[in-house]
Amino acid sequence: MASELEVKKPSWVETTREYFSDIRTEMRRVTWPNRAQVESTTLVVILSVFAFATYFKIVDKVIDLTVNRGYSYLVR
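Nothing here was measured: the structure is a model prediction, and the numbers come from that model.

How each quantity is defined
- Residues numbered from 1 in each chain as written.
- Predicted model: local features only at pLDDT ≥ 70, side-chain atom pairs only at ≥ 80, totals over all residues.
- Heavy atoms only, no water.
- Helix = DSSP H or I, 4+ residues; strand = E, 2+ residues; numbered from the N terminus.
- Buried < 20%, exposed > 50% of the residue type's maximum accessible area, 1.4 Å probe, protein only.
- Salt bridge = Lys/Arg side-chain N within 4 Å of Asp/Glu carboxyl O.

Novice: Just checking my understanding: could you explain the environment of Val67 for this structure?
Specialist: Checked against the element boundaries, Val67 lands in helix H3 (residues 35-75). The exposure class of Val67 is exposed, given its relative accessible area of 51%. Each C-alpha atom, one on Val67 and one on Leu43, is 36 Å from the other, the two residues being 24 residues apart in sequence.

Novice: It is not clear to me how the pattern of salt bridges should be interpreted in this structure. Could you clarify?
Specialist: As a working rule, side chains carrying opposite charge can pair if their charged atoms are close by. With the rule as written, the count across this model stands at two salt bridges. Note that Arg29 is salt-bridged to Glu26, the shortest N-O span being 3.0 Å. Taken together, the positions of Arg29 and Glu26, both in helix H2 (residues 12-29) and three residues apart, correspond to about one turn of that helix. Of the residues examined, Glu26 reaches a relative accessible area of 43% and is grouped as partly exposed. The residue Arg35 makes a salt bridge to Glu39 at a minimum N-O spacing of 3.0 Å. Here Arg35 pairs with Glu39, and both are found in helix H3, just four residues apart, close to one helical turn. According to the relative accessible area criterion, Arg35 is exposed, its value standing at 66%. For Glu39, a relative accessible area of 44% gives the class partly exposed.

Structure (structure tokens):
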């Protein structure tokens, strides 16, 4: 009676084979972007990086000038 309740644990070979089978099935379901979509999103990412870099450079410069002026004022 107790043996009827025991569940056979699959071996690591079986679980690995099932894992790769599941990966293969999921990869078939993926909708891959075409070349134009990849190029346009890549361009957006590159432009965004430069925009944020410029923004942070300006903010850094403003903070640097403010801190240096405050320090110079206090040191006098």
